[in-house]
Amino acid sequence: DIGFLPSANARKHSGPVKMVYLLGADDFSEDDVPKDAFVVYQGHHGDRGAARADVVLPGAAYTEKAGTYVNFEGRVQATRAAVPLVGNAREDWKILRAVSEVVGKPLPYDTREQLQKRLVEVAPHFARLQTVEAPVWLNGQYVKALAAQAAAAPAAGVLKSPIDNFFMTDAISRASQTMAKCVQARQQMQSQ
């Protein structure tokens with residue numbers, strides 16, 4: 001609605017990238033962000049994205065905001081805030097609404113209820129809470145692609161995960177002193 005381009009579409013953009021908006025993005029390659037680009041980070045925990053940013057817009061953690069989520073089985077679920085916002089943090093939709101005004105393309109909602117109504121206009125299944133939706137799977141294209149991969153010859157060599165340390169793969173875990181101690185203990189145990 002504002003005109004932002006997701007990263008896949010941004011890469012198709014022919015001109016130089018002047019601005020990058022990291023919406024909760026902490027796991028990105030520094031090579032994908034031009035050195036002279038103006039970087040805005042919106043999120044919580046202030047990990048890699050915040051360290052690279054020129055401006056940080058503190059967003060609420062999932063425990064600090066009401067939200068609508070789709071779980072793994074396709075069930076739309078609504079949540080409420082469990083704890084109050086900390087410091088200057090704001091709910092993400094409120095930050096994006098404020099940014100939309102600054103860039104001259106105000107979004108057509110001012111309340112969470114209006115936002116929910118817009119979400120239902122775009123994706124009607126969001127009106128049906130606690131209902132498992134039949135998967136669309138990209139109109140069958142996903143299943144066809146999987147079948148083609150299954151029919152192909154397996155890759156030679158040993159399969160290896162690209163993740164060296166699963167326990168530190170997200171910003172919340174990396175910010176946790178407890179997780180750091182657990183990882184240290186695990187590494188000591190493995191070296192014995």
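Heads up: the structure comes first, above all this text.
Predicted model, so just to flag it, every value in this text is computed and none were measured.

A. Examining the pattern of salt bridges more closely. As enumerated under the stated definition, the model contains seven salt bridges in all. A salt bridge links arginine 118 to glutamate 121, with the nearest nitrogen and oxygen atoms 3.5 Å apart. Placement of the pair is arginine 118 and glutamate 121 together in helix 4 (residues 112-122), with a separation of three residues, close to one helical turn. We classify arginine 118 as partly exposed; its relative accessible area is 24%. In this structure, a network of salt bridges that share partners links the residues Arg97, Glu101 and Asp110.

B. Summary view of the nonpolar core. Membership of the largest hydrophobic core is limited to eight residues, which are Val20, Leu22, Val33, Ala37, Val39, Tyr41, Ala50 and Ala53. Looking at this core, the elements with two or more residues in it are strand 1 (19-23) and strand 2 (38-43). In this structure, valine 39 is in contact with Val20, Leu22, Val33, Arg52, Ala53, Asp54 and Val55, ignoring residues within four places of it in sequence. Listed in part, the five residues of the second largest apolar core include Tyr21, Val40, Ile95 and Leu96.

C. Layout of helix 7 (residues 177-191). Across its 15 residues, helix 7 extends 21 Å between first and last C-alpha, which sits within 8% of the 21 Å expected from 1.5 Å per residue. Between the side-chain oxygen of the N-cap and the backbone nitrogen of threonine 178 there are 3.3 Å, and the N-cap of helix 7 in question is serine 176.

D. Main features of unusual backbone geometry. The backbone of glutamine 130 shows a phi angle near 60°, a positive value even though the residue is not glycine. Locating glutamine 130 in the fold gives a position in the loop between helix 4 and helix 5 (141-151).

E. Local environment of the sheet that holds strand 1. Overall, parallel pairing links the three strands, which are arranged 1-2-3 in an open sheet. Either end of the sheet is taken by a strand with one partner, and the two such strands are strand 1 and strand 3 (55-58). Adjacent strand axes in the sheet meet at a mean angle of 15° when their direction is disregarded. The pairing of strand 2 with strand 3 spans four bridges and is parallel. Note that in strand 3 the partner of tyrosine 41 across the bridge is valine 56.

F. View of a nonpolar patch on the surface. Taken together, the side chains of Met19, Phe38 and Val55 define a hydrophobic patch exposed on the protein surface, amounting to about 240 Å² of accessible area. Structurally, the position occupied by methionine 19 is in strand 1. Methionine 19 gets classed as partly exposed once you look at its relative accessible area, which sits at 40%.

G. Molecular detail of the side chain of serine 173. Mapped onto the elements, serine 173 comes out in helix 6 (residues 171-175). Separated by 2.9 Å, the side chains of serine 173 and aspartate 170 make a polar contact. When neighbours within four sequence positions are excluded, serine 173 is seen to be in contact with Phe167, Met168 and Met179.

H. Fine view of the environment of aspartate 92. As for its placement among the helices and strands, aspartate 92 is situated in helix 3 (residues 92-102). Distance in space between the C-alpha atoms of aspartate 92 and alanine 61 is 9.2 Å, their sequence separation being 31 residues. Excluding residues that lie within four positions of it along the chain, aspartate 92 makes contacts with Gln42, Gly59, Ala60 and Lys65.

The rules behind the values
Residues numbered from 1 in each chain as written. Predicted model: local features only at pLDDT ≥ 70, side-chain atom pairs only at ≥ 80, totals over all residues. Heavy atoms only, no water. Salt bridge = Lys/Arg side-chain N within 4 Å of Asp/Glu carboxyl O. Helix = DSSP H or I, 4+ residues; strand = E, 2+ residues; numbered from the N terminus. Buried < 20%, exposed > 50% of the residue type's maximum accessible area, 1.4 Å probe, protein only. Core = buried A, V, L, I, M, F, W, Y, C linked by side-chain atoms within 4.5 Å. Contact = heavy atoms within 4.5 Å. Expected span 1.5 Å × (residues − 1). Polar contact = N/O pair within 3.5 Å; in protein donor to acceptor, adjacent residues only side chain to side chain. Pairing = 2+ DSSP bridges. Axes fitted to C-alpha atoms, helices over the stretch in contact; angles between N-to-C directions. Patch = residues over 30% accessible without salt bridge, like charges linked within 9 Å, V, L, I, M, F, W, Y side chains within 5 Å. Areas by Shrake-Rupley, 256 points an atom, 1.4 Å probe, with all protein chains shown as cover.

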